[in-house]
Structure formats: C-alpha cells, structure tokens
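Observations on chain architecture
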Amino acid sequence: MTPRRSNARMIQEWVTAYSFLLPNILGLMIFVFIPILYAFYVSLHDWNALSPKVYVGFQNYVTLISDEQWWHSVTRTLLFSVVYVPLLFCLALLSALLVNGLRGKSVGVVRTMFLLPFAVTSVISAIIVMFLLDPRNGLANQLLSLVGIGKQQFLGSPTQAIYCVILTLLWINIGYNMTIFLSAIKEIPIDYFEAAHIDGATRFQSFRYITFPLLRETNTFILIVTTIASFQIFDHIIVMTKGGPMNSTEVSVLYIFKEAFQMLNMGYSSALAFVLFLIVFAFSMIQLKFFSSKD
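Below or above, wherever it landed, is the structure these notes cover. From a predicted model like this one, the values you see are computed outputs, not experimental measurements.

How each quantity is defined
Residues numbered from 1 in each chain as written. Predicted model: local features only at pLDDT ≥ 70, side-chain atom pairs only at ≥ 80, totals over all residues. Heavy atoms only, no water. Helix = DSSP H or I, 4+ residues; strand = E, 2+ residues; numbered from the N terminus. Rg over C-alpha atoms; globule rule 2.2 N^0.38 Å. Buried < 20%, exposed > 50% of the residue type's maximum accessible area, 1.4 Å probe, protein only. Contact = heavy atoms within 4.5 Å. Areas by Shrake-Rupley, 256 points an atom, 1.4 Å probe, with all protein chains shown as cover. Core = buried A, V, L, I, M, F, W, Y, C linked by side-chain atoms within 4.5 Å.

**Things to note about the overall build of the chain**
Scanning the chain from terminus to terminus reveals 13 helices and two strands. What you see for the chain is a C-alpha radius of gyration of 24 Å, clearly larger than the 19 Å of a compact globule of 295 residues, by over 25%. Counting every position in the chain, which comprises 295 residues, the buried fraction comes to 36%. For the chain, the share of sequence-separated contacts (at least 6 apart) that also reach a separation of at least 24 residues comes to 66%. A total accessible area of about 18,300 Å² is found for the chain, and carbon and sulfur atoms account for 69% of it.

Right under this line is the structure:
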C-alpha cells in the first residue's frame, strides 16, 4: 500500500470515528460544559432571575465560606456518600458473584428480580418506601412488632431518616450495578479459575487473586459513577423528607435548590453549584488516580 493511500485511509478512519463521536461530543458541550461555564458566569453576579444581573465579582464565594448551613449540607452529603457508596459497591459485587454461581433458568429470574426496582421511577419508588415506613400503619413497623421491637419513626426521626433514604437507593440501584459486575465477571477467561482449582486454590483465594484484580476497571467505573450520583442525590430526598426532619437530610443539592428557587438567589446558588462541581471533580480525580494505578 502506497503512503498516499495509507494516509487517505487513516483520514477516512478518523472522520468515521469522530462522526460517531460527534453526537456525544455535542451533547456534552450543550448539556454539561456550557451550563458549567454559564453557572460560573452567573455566580459572579447578584441576580434574582427577575431583574438584570449586577456584577459583584467573587462576593458570592466569600459569602459561602461563612455559610454554616451550606457546610452542614456538605457534611451530610459526605456522610451519605461514605455510607452509601461502599455499601452499594460491596452488595452489588456480592450479588453478582452469587448470581454468577447459579445455573439454569433461575439465573434469568434472579436477575429480573434484582433489576425490577431500577425500572421504577424515583418518585414512585420513594412513595412506595414512604408507605412501607409509615410510623403508624407501615409494614416495617408491623414486622418489627413481631420480634418485639417498638414502633420506629423512620423518616420522622432526625437520626434515622438519612439511613432510610440510603436503604431506598440501595434497593433501587443494586440490580443495575450487579449487572455491570456480572458482565465483567463473565468476561474473565474460565482457564484462570480452572488452573487455580488444579493448584488447590479456594473460592475466596480465586476471588482475591483472580476475580477482584481483573475487575479493576469495572471497580473504578462503578466507584466514580456512584460517588458522583451520591453527591447529586435530590429526587428521593425532596419526595421522602424535603430535607427534614430538623434539616437532617438537607444535602447540598437540596440546599442549592432552595437558594435558587425559593429564595431566588440565583447568583449565590450558582456559586454553591460551582463549588459542589469542584468538590465532585476533585473526589473523582482522586478515585481515578488511586483505583486505576498499577501496582
């Protein structure tokens, strides 16, 4: 093949590749990067969405430094993430390992059972859980009474509400993440496990030295995506608790929402949103660096 033909083919491959990528690139530009830049622009102004913007520089950022309620919401979000992300990761991986060990028609039934909650919209799933956790007539308290445990307030308790939301999201998202893990596990060559079995390795040793290391990229993907999602939790909070009781579930996104659409502090809420973006970006980069590093 002549150099001219080789170059023409290479250009054609690049054009074809970027033609397929173009819709995604445009989507990221329109719905992600441009809104981020516009949020930063708005954060430099005092604006109530009704009157013209007034440029105030970095005054909104100076204000948020001393905003205790904002930092309390960030702390609650961190607590939510620290509890939710490891639980989801471990339970999804354990579920994938268990389903991978099943054989026959039961595999499809079990996978469907795990995925059904994910198919339910967030609002409907939140309402279902609210009925189950009703302190007066909810099924959860009825089951607890059978083992001699008194009625719990659940969503009405400042100490229990956030964990009820976490359990709800675990119920919804385990199946989806389990499917991702299961697909990755099935991509591991069976020869590795057969060789380990011949050498006398136990199932735990096979998991520790074969399965888990070969899931590195999947582990990194799920940890980063679930961490980002945990910082963006909003819909279940607004439906189930509205940030209560006693602001115990007022996470960062809900606080930003209140500042923007209840207080009409569009400039200040944009500054909060941009700071939250920087926090999430920093956490994602740390995770990417830590979990994708080669030993």
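**Examining unusual backbone geometry**
Here the amide bond leading from G244 into P245 is cis, since omega sits at -10 degrees, within 30 degrees of zero. By the element assignment, P245 lies in the loop between α11 (235-240) and α12 (252-261). One non-glycine residue, K242, adopts positive backbone phi at about 55 degrees. Structurally, K242 is set in the loop between α11 and α12. Its identity is not glycine, yet M246 carries a phi of approximately 55 degrees, on the positive side. You can see M246 is positioned in the loop between α11 and α12.

**Describing the side chain of T77**
On the secondary structure map, T77 appears in helix α3 (residues 68-100). The residues contacting T77, other than those within four sequence positions of it, are S230, F231, V251 and S252.

**Concerning the nonpolar core**
The biggest cluster of nonpolar side chains holds 36 residues, and the ones touching the most others in it are F80, Y84 and F181. Mapped by element, the contributors of at least two residues to this core are α3, α5 (122-132), α7 (161-186), α10 (216-231) and α11. Counting residues per element, this core draws most heavily on α7, which supplies twelve residues. Ranked by size, the runner-up nonpolar core spans 16 residues in total, among them L44, L272, L276 and I279.

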